[in-house]
Amino acid sequence: MRLSTIWAAPVVVATLLLSHGAIPAEEINDYPTVARADYVYACMKANGETRRALEQCSCSIDVIASVIPYDRYVMAETVLRMAQVVGNLGTQFRSTEQSRTAVSDLRRAQAEAEVRCF
């Protein structure tokens with residue numbers, strides 16, 4: 001078998017996948033690097049500043065990113081932070097169905113990450 005034939009097959013497969021609606025990379029990896037780094041930093045502060053914690057926390061944000069899109073993650077994180085505010089503003093964030101659903105989605109993603117990474 002010729003070398004050019006061996007290399008042609010993967011190129012053909014990749015071309016077919018890209019031309020028939022495969023998910024673009026930017027949709028799969030829509031979490032900015034700084035958001036991932038912030039998560040890993042906070043996770044390591046909570047779980048120990050070890051190499052093992054680094055690996056587990058990195059795995060955790062990867063799992064979360066695979067379960068919920070970044071905009072949903074931002075919404076849930078915002079709700080969690082604003083819900084801590086005392087008074088009417090905090091109540092507004094705690095009381096809407098959309099807020100509760102976003103937080104619930106994040107909690108499910110975190111639970112999945114816990115099972116798979118820790």
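These notes cover the structure that comes with them.

1. Details of the nonpolar core
For step 1, the next point in the chain: Residues Tyr31, Tyr39, Ile61, Ile64, Ile68, Tyr73 and Leu106 are the most contacted members of the largest nonpolar core, which totals 19 residues.
For step 2, the next point in the chain: Counting residues per element, this core draws most heavily on helix α4 (residues 51-67), at six residues.
For step 3, the next point in the chain: The residues contacting Ile68, other than those within four sequence positions of it, are Tyr31, Tyr73, Asp105, Leu106 and Ala109.

2. Observations regarding the packing of helix α5 (residues 70-82) against helix α6 (residues 88-95)
For step 1, the next point in the chain: Where α5 contacts α6, the axes come no closer than 8 Å and their chain directions differ by 140°. One finds that α5 runs oblique with respect to α6. By crossing handedness, the relation of α5 to α6 is classed as left-handed. In this structure, α5 contributes Thr78, Val79 and Met82 to the contact, and α6 contributes Leu89, Gly90 and Phe93.
For step 2, the next point in the chain: Taken together, the residues that form the contact of α5 with α6 break down as four nonpolar, two polar and no charged.

3. Comments concerning the state of the cysteines
For step 1, the next point in the chain: Applying the stated criterion across every chain, the model contains two disulfides.
For step 2, the next point in the chain: The side chain of Cys43 participates in a disulfide bridge whose partner is Cys57; the two sulfur atoms lie 2.0 Å from each other. Classification of the bridge connecting Cys43 and Cys57 rests on its S-S torsion, roughly -75°, and on that basis the disulfide is left-handed. Residue Cys43 is found in helix α3 (residues 33-47), and its partner Cys57 is found in helix α4; the two are separated by 14 residues along the sequence.

Scoring rules and cut-offs
- Along each chain, residue indices are assigned from 1 in the same order as the chain's sequence is written.
- Confidence filtering applies because this is a predicted model: local features only for residues at pLDDT of at least 70, side-chain atom pairs given and counted only at 80 or more, and all residues used for totals across whole chains, interfaces and linings.
- To obtain the side-chain values, all non-hydrogen atoms of the structure were used and water was disregarded.
- Residues belong to a common nonpolar core when they are buried Ala, Val, Leu, Ile, Met, Phe, Trp, Tyr or Cys residues joined through side-chain atoms within 4.5 Å.
- Each residue is assigned to one of three classes by its accessible area relative to the maximum for its type, calculated with a 1.4 Å probe on protein chains only: buried under 20%, partly exposed between the two thresholds, exposed over 50%.
- Per the convention used, a helix needs a DSSP run of H or I reaching at least four residues, while a strand needs a run of E reaching at least two, with both numbered from the N terminus.
- Contacts between residues were defined by any pair of non-hydrogen atoms, one from each residue, lying within 4.5 Å.
- To obtain an axis, a line is fitted to C-alpha atoms, over the contacting stretch when the element is a helix, and the angle between two such axes runs from 0 to 180 degrees between their N-to-C directions.
- Each angle gets one of four labels, with under 35 degrees taken as roughly parallel, over 145 as roughly antiparallel, 65 to 115 as roughly perpendicular, and the rest as oblique.
- Take the far helix as your reference; a near helix turned counterclockwise from it by less than a right angle gives a left-handed crossing, and one turned clockwise gives a right-handed crossing.
- Following the grouping adopted for this structure description, the nonpolar residues are Ala, Val, Leu, Ile, Met, Phe, Trp, Tyr, Cys and Pro, the charged ones are Asp, Glu, Lys and Arg, and the polar ones are all others, Gly among them.
- In this description, the term disulfide denotes a pair of cysteine sulfurs within 2.5 Å.

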